[in-house]
Amino acid sequence: MSGQTEEDDGERSAAMAAGTIRYWAAAKAAAGVAEEPYAAENLAEALEAVRERHPGELVRVLRRCSFLVDGAPVGTRGHETVRLAEGGTVEVLPPFAGG
C-alpha cells in the first residue's frame with residue numbers, strides 16, 4: 001500500500017488540467033508535431049513532460065521560447081506559478097526573424 005487514500009488521488013487528479021500545447025515555427029519543426037495534449041497542473045509540469053517526450057532539439061529550442069497560456073503572455077513569471085486550465089491552450093513561440 002502506498003499510504004495514499006482515494007481522496008488524495010482525487011485531489012491530485014482534480015488539480016491536473018488537460019489541454020493543448022501548440023508549437024510554432026522552429027518549435028513545431030523540433031517537436032515534429034503542430035500540437036499535442038497536456039495533462040499538468042502548471043506550465044513547468046507541462047514543459048517537463050514535453051522535454052521527456054521530445055529529448056534533443058526541442059529541449060534546446062524551448063530555452064529560447066516565449067509562452068502564451070490561454071492567450072496571455074507568461075513573460076518572466078516562474079513557470080511553476082502559471083496554473084493551467086482545463087481545456088486551455090499553451091502556445092510555444094520561438095523567436096521570429098524580423099519580429
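Residues numbered from 1 in each chain as written. Predicted model: local features only at pLDDT ≥ 70, side-chain atom pairs only at ≥ 80, totals over all residues. Heavy atoms only, no water.

- By the naming in an unreviewed UniProt entry, the protein chain is Molybdopterin synthase sulfur carrier subunit, taken from Streptomyces pacificus.

**Thoughts on the overall build of the protein chain**
1) Next: Assigned secondary structure in the protein chain consists of four helices and five strands.
2) Next: Along its sequence from the N terminus, the protein chain presents helices and strands in the succession α-β-α-β-α-α-β-β-β.
3) Next: By the burial criterion, 31% of the 99 residues in the protein chain qualify as buried.
4) Next: A sequence separation of at least 24 residues applies to 61% of the contacts in the protein chain between residues at least 6 apart.
5) Next: About 6,100 Å² of surface is accessible on the protein chain, with carbon and sulfur atoms providing 53% of the total. (Helix = DSSP H or I, 4+ residues; strand = E, 2+ residues; numbered from the N terminus. Buried < 20%, exposed > 50% of the residue type's maximum accessible area, 1.4 Å probe, protein only. Contact = heavy atoms within 4.5 Å. Areas by Shrake-Rupley, 256 points an atom, 1.4 Å probe, with all protein chains shown as cover.)

**Section: the sheet that holds strand β1 (residues 17-23)**
1) Next: Strand order in the open sheet made by the five strands is β2-β1-β5-β3-β4, with mixed pairing throughout. Edge positions in the sheet fall to β2 (35-40) and β4 (72-73), since each has one partner strand and no second.
2) Next: Against the sheet, helix α3 (residues 43-53) contacts β1, β2, β3 (66-69) and β5 (89-93), and its axis sits at roughly 130° relative to β2. (Pairing = 2+ DSSP bridges. Axes fitted to C-alpha atoms, helices over the stretch in contact; angles between N-to-C directions.)

**Description of the confidence of the model for the protein chain**
1) Next: With 83% of its residues at a pLDDT of 70 or more, the protein chain has an overall mean of 88.
2) Next: Note that residues 4-13 has pLDDT below 50 and, in this model, three contacts with residues that lie over four places away or in other chains. (pLDDT = per-residue confidence, 0-100.)

**As for the side chain of His54**
1) Next: Mapped onto the fold, His54 is located in the loop between α3 and α4 (57-62).
2) Next: Given the relative accessible area of 14%, His54 is considered buried.
3) Next: A polar side-chain atom of His54 sits 3.0 Å from a polar atom in the side chain of Glu36.
4) Next: Beyond its immediate sequence surroundings of up to four residues, His54 is in contact with Tyr23, Ala31, Glu36 and Val59. (Polar contact = N/O pair within 3.5 Å; in protein donor to acceptor, adjacent residues only side chain to side chain.)

**Regarding the pattern of salt bridges**
1) Next: Under the defined criterion, the tally for this structure stands at six salt bridges.
2) Next: Glu36 is paired through a salt bridge with Arg53; the nearest N and O atoms lie 3.3 Å apart. Of this pair, Glu36 sits in strand β2 while Arg53 sits in helix α3, and the two are 17 residues apart along the sequence.
3) Next: The partly exposed category is assigned to Arg53, whose relative accessible area is 40%.
4) Next: Overlapping salt bridges bring together Arg22, Glu35 and Glu91 as one network. (Salt bridge = Lys/Arg side-chain N within 4 Å of Asp/Glu carboxyl O.)

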